[in-house]
Amino acid sequence: AVDFVNRYRARFGVEPRSTAVFTYDAIRLLADAMHRAGTKEGGPVSRAIAATNDYEAVAGTLQFNGTGDPRRGGVLSRVGRTSDSIVRVVNPKP
C-alpha cells in the first residue's frame, strides 16, 4: 500500500483519501472479472467475482465465498466533499 500512496502522491500532488486504495482495488477486480468472464454482462461478471480466490490487491488478498460475499471484513464509508465517515463495518459470517 505504501507504493500505491507514493505513486498517487506523485501523480496527483495530494495525499490519497481513505477510499482511494479500495476504489483502485475494486476497479481492478472488476476489470479482472470481466476479463475472466469474457464479457461485460452483469450475470457472468458477478459469477466471476463470486469465484474470485486469492486475488492480490493493494489492500491485501481478496477472496470471496462463492456467493459473492467477501471472506474478510470491510468498511462501508460515506464520502463527503471535505471528509469521509464510516457508515458500517461489515464482517463475514464464519
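The structure contained in this document is the topic of the report that follows. (Residues numbered from 1 in each chain as written. Predicted model: local features only at pLDDT ≥ 70, side-chain atom pairs only at ≥ 80, totals over all residues. Heavy atoms only, no water.)

**Details of the pairing of strand S3 (residues 74-79)**
Bridging between S3 and strand S4 (residues 84-90) involves six bridges; their strand directions are antiparallel. Residue pairing in the sheet places Val 79 in a bridge with Asp 84 of S4. Where S3 hands over to S4, the hairpin turn is made up of four residues, counted between the paired strands. (Pairing = 2+ DSSP bridges. Helix = DSSP H or I, 4+ residues; strand = E, 2+ residues; numbered from the N terminus.)

**Side note on the layout of surface pockets**
Put simply, the largest pocket is a space of about 850 Å³. Along its surface, the largest pocket is lined by 26 residues, and Phe 22, Pro 70, Gly 73, Gly 74 and Val 75 are the ones closest to its centre. Among the elements of the structure, helix H2 (20-37), S3 and S4 are those that each provide at least two residues to the lining of the largest pocket. One number sums up the size of the second largest pocket: a volume of about 170 Å³. Mapped by element, the contributors of at least two residues to the lining of the second largest pocket are helix H1 (2-12) and H2. Here the lining of the second largest pocket gets five residues from one element, more than from any other, and that element is H1. The residue makeup of the lining of the second largest pocket, split by class, is five nonpolar, one polar and two charged. (1 Å grid on protein atoms, 1.4 Å probe; cavity = no way out; pocket = protein on both sides within 12 Å on 5 of 7 lines; lining within 4 Å. Points joined across faces, edges and corners; volume = space filled by probe spheres on them. Nonpolar A, V, L, I, M, F, W, Y, C, P; charged D, E, K, R; others polar.)

**A word on the environment of Val 87**
By secondary structure assignment, the location of Val 87 is in strand S4. Classification of Val 87 by relative accessible area gives partly exposed; the value is 41%. It is 7.6 Å that separates the C-alpha atoms of Val 87 and Val 75, two residues lying 12 residues apart in sequence. Excluding residues within four positions of it along the chain, Val 87 makes contact with Leu 76, Ser 77 and Arg 78. (Buried < 20%, exposed > 50% of the residue type's maximum accessible area, 1.4 Å probe, protein only. Contact = heavy atoms within 4.5 Å.)

**Looking at the pattern of salt bridges**
The tally for this structure, following the rule as stated, stands at three salt bridges. Note that Arg 7 is salt-bridged to Asp 3, the shortest N-O span being 3.1 Å. With Arg 7 and Asp 3 both in helix H1 and four residues apart, this pair spans about one turn of that helix. Among the residues examined, Arg 7 registers a relative accessible area of 43% and is labelled partly exposed. With its nearest N and O atoms 2.5 Å apart, the salt bridge here joins Arg 9 to Glu 15. (Salt bridge = Lys/Arg side-chain N within 4 Å of Asp/Glu carboxyl O.)

**Points about the nonpolar core**
Leu 29, Tyr 55, Ala 57, Leu 62 and Phe 64 form the largest nonpolar core, which has five residues in total. Discounting residues that sit within four places of it in the chain, Tyr 55 has contacts with Arg 28, Leu 29, Asp 32, Gly 60, Thr 61 and Leu 62. (Core = buried A, V, L, I, M, F, W, Y, C linked by side-chain atoms within 4.5 Å.)

**Examining helix H3 (residues 42-50)**
All of the buried residues in H3 are Val 45, Ala 48 and Ala 50. Lining the buried residues of H3 we find H2.

Read these as spatial facts, not as claims about activity.
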